[in-house]
Amino acid sequence: MASETRSPADDRSSIDRRVEAIDAALLEGPVRSVLGDPSARVVEWRHEPVGYDFLNPSSGGVYRFEGTATGTGRAVPWRLVLKVTRSAAGLADESPLPPGLAAVRDEAVRWDRELRAYESGFLAALDGDLVAAACHGGGREDDDTGWLWLEDLGGAAEVWSLGDWERVGRALGAFNGRFLAGRVPDHDWLGRRWLRVWSTQLTPYHFGRQLPGGAAWDAPLAREAYPVALQDRLARLWGGRDALLRAVEALPQTCCHLDAHRRNLFLRAAGGATQVVAIDWGLVGLAPAGEEIASTLVGTVASGELPARDAAGLASVLYDAYLGGLREAGWAGDERDVRLAFAAAAGLRAFSILRLDVAEGAASAEAAAVLADAATLAGLLVELGDEARALCAGR
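What you are looking at is a predicted structure, and each value in this text was computed from that prediction instead of being measured. (Residues numbered from 1 in each chain as written. Predicted model: local features only at pLDDT ≥ 70, side-chain atom pairs only at ≥ 80, totals over all residues. Heavy atoms only, no water.)

Caption draft 1: Structural context of the environment of Asp144. You can see Asp144 is positioned in the loop between β5 (135-140) and β6 (145-151). For Asp144, a relative accessible area of 37% puts it in the partly exposed group. When the C-alpha positions of Asp144 and Arg349 are compared, they lie 31 Å apart, and in sequence the two are 205 residues distant. (Helix = DSSP H or I, 4+ residues; strand = E, 2+ residues; numbered from the N terminus. Buried < 20%, exposed > 50% of the residue type's maximum accessible area, 1.4 Å probe, protein only.)

Now the structure itself:
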């Protein structure tokens, strides 16, 4: 894959052009890998970008490729997903972060973390109920971009049952528990202290107007959606965040995905069982048991993949199944530690889901509905945050 020099003003359009230039010779290796046929030759192909929310500047784009290849005397179809990541250094940013914060963010969402997790063999070695999408080639280019050819897991449109979520919670618990019961990895590319970075640096920067006492709370729609009592509880939770973070960071650490919400999870049949397949390993890192499913809960509901009214049910199912998975993996620790990490991590995520941005515009039924859903989720997260504060006080 040919590389090109980027200018400071470069953007994702340069990656689009490089993807457009991919030819049969570049596709041959990944296609042979996905087909399991070393003699396969690409006959024709097409590609399209996959809709994706670019949450950080290291996201270079996601593209679905499909076509046909000849092998063993016949034409066979193939499908692959190309994921591109890139270094944020030198890229233009409409709202550049302060230098110190930019460095913290770039390490927290390190552009080559997922690439290194695949290159090291770490992800390929996962063989339990939770596995990573299979990688069929790729690597890093000399312009600080990473290119991964991954299995195409299809769409994620189907609505999962609580039974499906129980399976997910158990798989995540077993994944986290295997390291607690064995050896926790110490790779230098693993993320560390993500909850602190998110809560104390990224949240204030991106959602500062929505924090307790911020200007966004003056809007009539905001006051209507969030009663004074809920605002006061949010303020107390925000004021006690440092104590929560210290308590969570003192807990035993394990290896976690940390972004395992609905859009990053798939279910598939494997050997008579159902396997959970996770994509987007860019946040994989060390965290205490319990923090994992906080991101599952909040990310799934906040992204609209599950109604806010069902959030409490999801939290209960996830937590119970997660504990079961931990135990099955051989973990024999104190459940109160898991509950503290889960409740604290969920509570501290409340300040990124309030959606007060819609309250600052013109009042409408749509804006009121968005705020009502956000307030429902926020109410649950505050309850969990209050529970975490109580657990801290009792330690």
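Caption draft 2: Up close: the packing of helix α5 (residues 162-180) against helix α10 (residues 291-302). Two elements in contact, α5 and α10, have axes whose closest approach is 10 Å; the angle formed by their N-to-C orientations is 150 degrees. In terms of orientation, α5 lies roughly antiparallel with respect to α10. The crossing of α5 and α10 is right-handed. Contact residues: Trp165, Leu172, Phe175 and Asn176 in α5; Glu292, Ile293, Thr296 and Thr300 in α10. (Axes fitted to C-alpha atoms, helices over the stretch in contact; angles between N-to-C directions. Parallel < 35°, antiparallel > 145°, perpendicular 65-115°, else oblique. Left-handed = near helix turned anticlockwise from the far one by under 90°. Contact = heavy atoms within 4.5 Å.)

Caption draft 3: View of helix α3 (residues 99-108). Turning to α3, its buried residues number three or more, namely Leu101, Ala102, Arg105 and Ala108. Across the axial projection of α3, the buried residues extend over an arc of 130 degrees, all falling on one side. (Arc of directions from axis to C-beta.)

Caption draft 4: Local environment of the packing of aromatic side chains. Applying the stated rule across the entire model yields 11 aromatic pairs. Taking the centre distance of 5.8 Å and the plane angle of 70 degrees together, the rings of Phe122 and Trp189 count as edge-to-face. Remark: Trp189 occurs in the loop between α5 and β7 (191-192) and Phe122 occurs in the loop between α4 (113-119) and β4 (130-132); sequence separation between them is 67 residues. Neither Phe122 nor Trp189 differs from the other in exposure class; each is buried. The residue whose ring lies beneath Arg241 is Trp238, and the NZ or CZ to ring-centre distance is 3.9 Å. (Phe/Tyr/Trp six-rings, centres within 6.5 Å; stacked < 30°, edge-to-face > 60°. Lys NZ or Arg CZ within 6 Å of the ring centre and 35° of its normal.)

Caption draft 5: Quick look at unusual backbone geometry. Its identity as a non-glycine residue notwithstanding, Arg193 has a phi of 55 degrees, on the positive side. For Asp280, which is not glycine, the phi torsion reads 55 degrees and is therefore positive. By secondary structure assignment, the location of Asp280 is in the loop between β10 (273-278) and β11 (285-288). Of the residues examined, Asp280 reaches a relative accessible area of 10% and is grouped as buried.

Caption draft 6: Seen up close, the sheet that holds β7. As summarised here, the arrangement of the 3 strands in space is β7-β11-β8, forming an open sheet in which the pairing is mixed. A strand with exactly one partner marks an edge of an open sheet, and here the two such strands are β7 and β8 (253-256). Sheet analysis places β8 next to β11, joined by 4 bridges and oriented antiparallel. Considered in β11, the bridge of Cys255 is made with Leu286. (Pairing = 2+ DSSP bridges.)

Caption draft 7: Quick peek at the nonpolar core. By size, the foremost hydrophobic cluster in this structure holds 94 residues, and its most contacted members are Tyr226, Leu234, Trp281, Leu297 and Leu381. Broken down by element, this core gets its largest block of residues, 11 residues, from helix α13 (residues 365-393). Ignoring any residue separated from it by four or fewer positions in sequence, one finds Leu381 in contact with Leu297, Val298, Ala346, Gly347, Arg349, Ala350 and Ile353. Counting residues in hydrophobic clusters, the runner-up holds 16 residues, among them Val31, Tyr63, Leu82 and Trp147. (Core = buried A, V, L, I, M, F, W, Y, C linked by side-chain atoms within 4.5 Å.)

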